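# Commentary on secondary and tertiary structure
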Amino acid sequence: MASCSRAVTPSLTTGSDASAFQRIFSVNRGIDPYVFTVSDVYQDIAGEGTFTGKGLYHVDAFEAALKGKIEENAVLSHDLLEGSLAHCALVSDVELVEDFPIRYEVEMSRQHRWAQGDWQLLPYMFNLSNGVSMLGRWKMYDNLRRSLIPCAWLIASVMGWYYMEPTQALVWQFVLIFSLFVAPTLSLISGLMPRRNDIVARAHLHAVLSEIQAANAQVALRIVFIAHSAAMMMDAIVRSIYRTFVSGQLMLEWRTAAQVQSSAGGSILDYYRSMWIAPILSVISLLLAAVSDTGLPFIGIPFALLWALSPAIAWFVSQSAETEDQLIVPDDVVDELRKIARRTWLYFEQFVTAEQHFLPPDNFQEIPHPILAERTSPTNIGVYLLSVMSARDFGWIGFEETIRRLEETVATIDRMPKFRGHLYNWYKTDTLETMEPKYVSAVDSGNLAGHLIAVSSMCRDWAEAPSAHVQGNLDGIGDVASILSEVLAELPDDRKTVRPLRRLMEERITGFQNALAAVKREHEFASIRVINLAVLARDIHKLTVNLDHEVKSAQSGEVTKWATMLVNTCKSHIADSVFDLNAIEALRQRLIVVGDRSRDIAFTMDFSFLFRPERRLLSIGYRVNSNELDEACYDLLASEARLTSLFAIAKGDLPTEHWYKLGRPIVPIGARCADFLVGLDVRISDAAAGHAGASGRHPQPDQQPDRSGTDEPRPPPRHAVGHFGSGLQRPRP
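Here is what the cut-offs are and how they apply
Residues numbered from 1 in each chain as written. Predicted model: local features only at pLDDT ≥ 70, side-chain atom pairs only at ≥ 80, totals over all residues. Heavy atoms only, no water. pLDDT = per-residue confidence, 0-100. Contact = heavy atoms within 4.5 Å. Helix = DSSP H or I, 4+ residues; strand = E, 2+ residues; numbered from the N terminus. Expected span 1.5 Å × (residues − 1). Buried < 20%, exposed > 50% of the residue type's maximum accessible area, 1.4 Å probe, protein only. Arc of directions from axis to C-beta. Patch = residues over 30% accessible without salt bridge, like charges linked within 9 Å, V, L, I, M, F, W, Y side chains within 5 Å. Areas by Shrake-Rupley, 256 points an atom, 1.4 Å probe, with all protein chains shown as cover. Salt bridge = Lys/Arg side-chain N within 4 Å of Asp/Glu carboxyl O. Pairing = 2+ DSSP bridges. Axes fitted to C-alpha atoms, helices over the stretch in contact; angles between N-to-C directions. Parallel < 35°, antiparallel > 145°, perpendicular 65-115°, else oblique. Left-handed = near helix turned anticlockwise from the far one by under 90°. Nonpolar A, V, L, I, M, F, W, Y, C, P; charged D, E, K, R; others polar.

On average, residues of the chain score 81 in pLDDT, and 81% of them are at 70 or above. Low pLDDT, under 50, characterises residues 1-14; the stretch is placed with 76 contacts to residues that sit more than four places away or in other chains. Within the model, pLDDT remains below 50 along residues 671-733, and this stretch shows 163 contacts once partners closer than five positions in the same chain are excluded.

The following block contains the structure:
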């Protein structure tokens, strides 16, 4: 086999630049092997694939097959000719992804170039001695037929208006429109019946309706642009024939999509300048029909009007559509989410201590009396490590403190007892002893491994230029000040004697927030003014201490706690601003060490023994005491184990075909068609959710003590995450 081909996925939108045109013609977006791994009709029937210009080459065989068979500088579209001479096959486990053009004129430029190249192959089609197979010639003929469709459709429409009576012209026009629906209709028919019996009916119906909507939109735009498309195809055909058989010059003239994109104008007038032929053809079509014996049929007027407006429509659908599905979060919602996140970080800040060996306890319950669950799991540890990096990103802790926290926890992981590189499912945080029964969880290990890789990557980025990351995000100070203002407002105003003190505190907090806003506006003086903020924060803290002394309640204590947090946050920013840059190299080395060690711990985990080769699936875990795998396996990509599968395959512990054994119910979300994995059943760490108990807001219902008042160690419960109506309707294995 000289070369290999794989279907190219022209389906990824381009972020904020994505347009309605791109999205209409780029259905089924995303890297989805279950959608795009399809059979190829030529491969199935004739045992030969179609080379699309992207694939795998065997260079020596390729050169030997083509040597002396293609003239120099004579072929613009070489893919099909090369594939026919060298032969190729479909590779079903390789997917190549490229962007679909954002703007209409870029796509038409591609189509024009492809049509030119297709018609330049006429000499190779009629030369029976050049080694091109009959199947290859058929593919070339088929490309010529495809380029003639817009021309034939336009001519057929206008001839119908000219020769037919109005009623006949109407019927004829509907027949022509239906002809454009043949290909998408056949595709829709093949997808009407679910291909698996485990697909949720509602999700399947949504997918079918989405395909129908996309097909209608595509056909509608093809009709709108068909006059311009026909002119472009005719131009390409005439150019190719003239250059191939007459002049022999400019055979390889073409412009890349990037060049067309960069040179294209952005106004409606620019589109009318480049697509002037479409309005001209619409006027000629109407005039031709008007002078016919049958008279101008009414069916021709709307089509001619669409063609006249096609430049404006092309401009409209080529505009950025980022606002269609961009998540625009109002500032007040952002502030609220940041405060929730800051309260969450308080859990780790309060309970990840040296007494707990710098590990996150599983949960903290307040009712009926405070109890800290001094146990943890690999998932909890991974969540904490990510939370440390997030806390730094939000501006709640200093840079040096971030590194120290990562070092302490990674060092603890290093000395914890393991099995084949894996942490056990549960440990006592106060002694680091393994909790019985000893168990290795595929999910927990995958979560920790993925989180450690994230830590390693972040440390590597920080180590490249530590001085660029020393200054923290000042919004972190504002988060604490806002929470302090909230808890003060929640304090009952039932004592007249403390009202003046309370009003003074409110004024000081407002003044602090105004001063912070001024610091954020003038970044060049931030390092100096943060010191002034710390002075204001200490004044507020003194007032809260006096208030707590007068009120002596749990709520007043909460106010004092957050005032202390405000002082500490300011101190961390001061530490960042006065950091000695002469010590930056030592900081870099610490980052490198903790990053490398995090990666090493992840890659020492051996996932191969968790794999059941007879089912090609991961077992849910391994019972160490009895030395046996659990019978149950994870068979869904839409499950908590998909990170484990991805990491283990990338590491080389699991075969690639394991990924294709995972069922994948998906639902498209928004115009970008992100795939939502329905039925997502994730084990939520109560350590992450337990911030509510730590913040004094709500008790945690998931970890209630028994009637004796003692909190017996047990794993956290499972929670279903996702839309309730889209869960999987079948039992787990």
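Text resumes after the structure shown.
The next point concerns helix α25 (residues 584-603). Here α25 spans 29 Å end to end across 20 residues, near enough to the 28 Å set by a 1.5 Å rise per residue. Along α25, the residues that are buried comprise I584, L587, L591, V594, G595, S598, I601 and A602. Across the axial projection of α25, the buried residues extend over an arc of 130 degrees, all falling on one side. On its buried face, α25 sits against α19 (399-415), α20 (442-464) and α26 (642-651).

A cluster of nonpolar side chains, contributed by F178, V182, L186, I189, L192 and M193, occupies part of the molecular surface with about 630 Å² of accessible area. Relative to the helices and strands, I189 is located in helix α9 (residues 166-190).

Strands sit in the order β13-β14-β17 across an open sheet of three strands; the sheet is antiparallel. With one partner strand each, in any of the chains shown, β13 (611-612) and β17 (633-634) form the two edges of the open sheet. Direction of pairing for β13 relative to strand β14 (residues 617-619): antiparallel, over a ladder of two bridges. Looking at the pairing, F611 lines up with L618 of β14.

Within a sheet, each strand pairs with its neighbour through backbone hydrogen bonds, oriented either parallel or antiparallel. Taken in spatial order, the three strands line up as β12-β15-β16 in an open sheet, and their pairing is antiparallel. Across the chains shown, the open sheet's two edge strands, defined by having one partner strand only, are β12 (439-441) and β16 (628-629). As defined by bridge partners, β12 adjoins strand β15 (residues 621-623) across three bridges and the pair is classed as antiparallel. Following the sheet pairing, S441 is matched in β15 by G621.

Turning our attention to the pattern of salt bridges. One pass over the full model with this rule turns up 33 salt bridges. Across the salt bridge formed by E107 and R110, the nearest N and O atoms sit 3.0 Å from each other. Of this pair, E107 and R110 both sit in helix α6 (residues 104-119), three residues apart, roughly one helical turn. Each member of the pair E107 and R110 is classed as buried. Between R273 and D270 there is a salt bridge, with the nearest N and O atoms lying 2.8 Å from each other. Note that R273 and D270 are positioned in helix α13 (residues 268-274) at a spacing of three residues, about one turn of the helix. Using a relative accessible area of 26% as the deciding quantity, one classes D270 as partly exposed. Linked through salt bridges whose partners overlap, the residues forming this network are D493, R499, R502, R503 and E506.

With that settled, the discussion passes to the packing of helix α5 (residues 79-86) against helix α8 (residues 134-163). Closest axis-to-axis distance for the α5/α8 pair is 9 Å, and the angle between their directions is 165 degrees. Considering their axes alone, α5 and α8 lie roughly antiparallel with respect to each other. For the pair α5 and α8, the sense of crossing is right-handed. On α8, the residues touching L80, L81 and S84 of α5 are G136, K139, M140 and N143. Tallied by class, residues from the contact of α5 with α8 come to three nonpolar, three polar and one charged.

Cis geometry marks the peptide bond from I367 to P368; its omega dihedral reads 5 degrees. In this model, E436 is joined to P437 through a cis peptide bond whose omega is -5 degrees. Tracing the backbone shows P437 in the loop between β11 (427-428) and β12. Backbone geometry at L432 places phi at a positive 65 degrees, although glycine is not the residue there. By secondary structure assignment, the location of L432 is in the loop between β11 and β12.

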